[in-house]
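Observations on the three-dimensional arrangement
Chain by chain, the residues run as shown.
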Amino acid sequence: MTQFDLTPALAQDSKIAIYGTDAFEGMHKAGHLTAKALDEVTPLVRPGVTTEALDDFVFEFAMDHGATPAPLNYRGFPKSICTSLNHVVCHGIPGPRALKEGDIVNIDITLIFEGWHGDTSRMFAVGEISRRAERLIDVTYESLMLGVAAVHAGTAIGDIGYAIQTYAEGERCSVVRDFCGHGLGRVFHDRPNILHYGEPGEGMRLAAGMLFTIEPMINLGKSHVKILTDGWTAVTRDRSLSAQFEHTVGVTEKGCEIFTISPGGLHRPHFSSS
């Protein structure tokens, strides 16, 4: 779940937590469980199923596994997950709206397990989707993984954003700038903020032991968004399709550990039209 604080983290910020081996073990457990929840909800993503039913399923999954859905009642958010359909960029609130053939939907899940937060999201195709929707999903997934590949101790935050931005814009898509990735661990949202655009060498340098999400939101149209009257749902101003993928990672000396890999290998959806 994306945070709203866009204040860039300052270099040498002593407020940014550095975690050790025990924390990495805890984050692996929380991340694995959260990714499993996404795996388990996958068969429900089909025409006729409501987004509220998806929310109910994940809530029960969390209860059955001794976990807590972090978004539920967080700053007033009313549901356990975010379901963002078509031109919804992020923070879509589950409700009675039934999925329809051709929809694309991002499901964003954060579970607290043994005190640690696992945070991840994926795009799902509802039945057969358009080729442009397939392309957007592919570009967004590749943008995420290029951002992840840029992470290691000594990397500047701008290097992550630059990798994402240059690829996405090279594919004639736009990068949403109103939301960012965020630190997490024992708390849901922490520093550093991870922007999904930037310049090489810009911003603070990463250090081994930092924990954060990378979660680019990519639009087929322009990057501009607006918040609906519910105070949460962010949509594209031009109503173009939007997509997002998210992983939680921990910085190491030589790269990073991804805590939210799909146990079932379901990193991106199967396209019925493929």
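Just above sits the structure.
Residues numbered from 1 in each chain as written. Predicted model: local features only at pLDDT ≥ 70, side-chain atom pairs only at ≥ 80, totals over all residues. Heavy atoms only, no water.

1. Some points on the side chain of Ser84
Residue position: Ser84 is located in strand S2 (residues 82-85). Judged by its relative accessible area of 2%, Ser84 is buried. Separated by 3.2 Å, the side chain of Ser84 and the backbone nitrogen of Gly92 make a polar contact. (Helix = DSSP H or I, 4+ residues; strand = E, 2+ residues; numbered from the N terminus. Buried < 20%, exposed > 50% of the residue type's maximum accessible area, 1.4 Å probe, protein only. Polar contact = N/O pair within 3.5 Å; in protein donor to acceptor, adjacent residues only side chain to side chain.)

2. Regarding empty space enclosed by the protein
All chains considered together, the criterion is met by three cavities of 30 Å³ or more. Taken as a whole, the largest cavity holds about 50 Å³ of empty space. If you trace the largest cavity, you find it lined by Ser121, Arg122, Tyr141, Leu144, Phe245, Glu246, His247, Thr260, Ser262 and His267. Going through the elements one at a time, strand S5 (116-125) and helix H3 (131-149) are the ones with two or more residues in the lining of the largest cavity. The residue inventory of the lining of the largest cavity, partitioned by class, reads three nonpolar, five polar and two charged. By volume, the second largest cavity amounts to about 40 Å³. What lines the second largest cavity is simply Ile16, Ala17, Tyr19, Gly183, Leu184, Asp190, Arg191, Pro192, Met210 and Leu211. Here the element with the most residues in the lining of the second largest cavity is strand S8 (residues 190-194); it accounts for three residues. (1 Å grid on protein atoms, 1.4 Å probe; cavity = no way out; pocket = protein on both sides within 12 Å on 5 of 7 lines; lining within 4 Å. Points joined across faces, edges and corners; volume = space filled by probe spheres on them. Nonpolar A, V, L, I, M, F, W, Y, C, P; charged D, E, K, R; others polar.)

3. Considering the pairing of strand S14 (residues 247-251)
Counting buried residues along S14, five of its five residues qualify, which places the element largely inside the surrounding structure. Of the two faces of S14, the one carrying His247, Val249 and Val251 and the one carrying Thr248 and Gly250 are both buried. Sheet analysis places strand S9 (residues 211-214) next to S14, joined by four bridges and oriented antiparallel. Within S14, the residue paired with Phe212 across the bridge is Val249. In the sheet, S14 pairs with strand S15 (residues 256-258) via three bridges, with the strands oriented antiparallel. Residue pairing in the sheet places Val251 in a bridge with Cys256 of S15. Joining the antiparallel neighbours S14 and S15 is a turn of four residues. (Pairing = 2+ DSSP bridges.)

4. Focus on the environment of Ile109
Tracing the chain through its elements places Ile109 in strand S4 (residues 104-113). Taking the C-alpha atoms as reference, Ile109 lies 8.2 Å from Val58; in sequence the two are 51 residues apart. Beyond its immediate stretch of four places on either side in the chain, Ile109 contacts Thr34, Ala37, Leu38, Val58, Ile81, Gly118, Asp119 and Thr120. (Contact = heavy atoms within 4.5 Å.)

5. Examining the sheet that holds strand S6 (residues 174-175)
The strand order S6-S10-S13 describes an open sheet built from three strands, whose pairing is antiparallel. Each edge of the open sheet is held by one strand with a lone partner, namely S6 and strand S13 (242-244). In this sheet, S13 lies alongside strand S10 (residues 217-219) in antiparallel orientation, the contact comprising three bridges. In the strand pairing of S13, Met217 is matched with Gln244.

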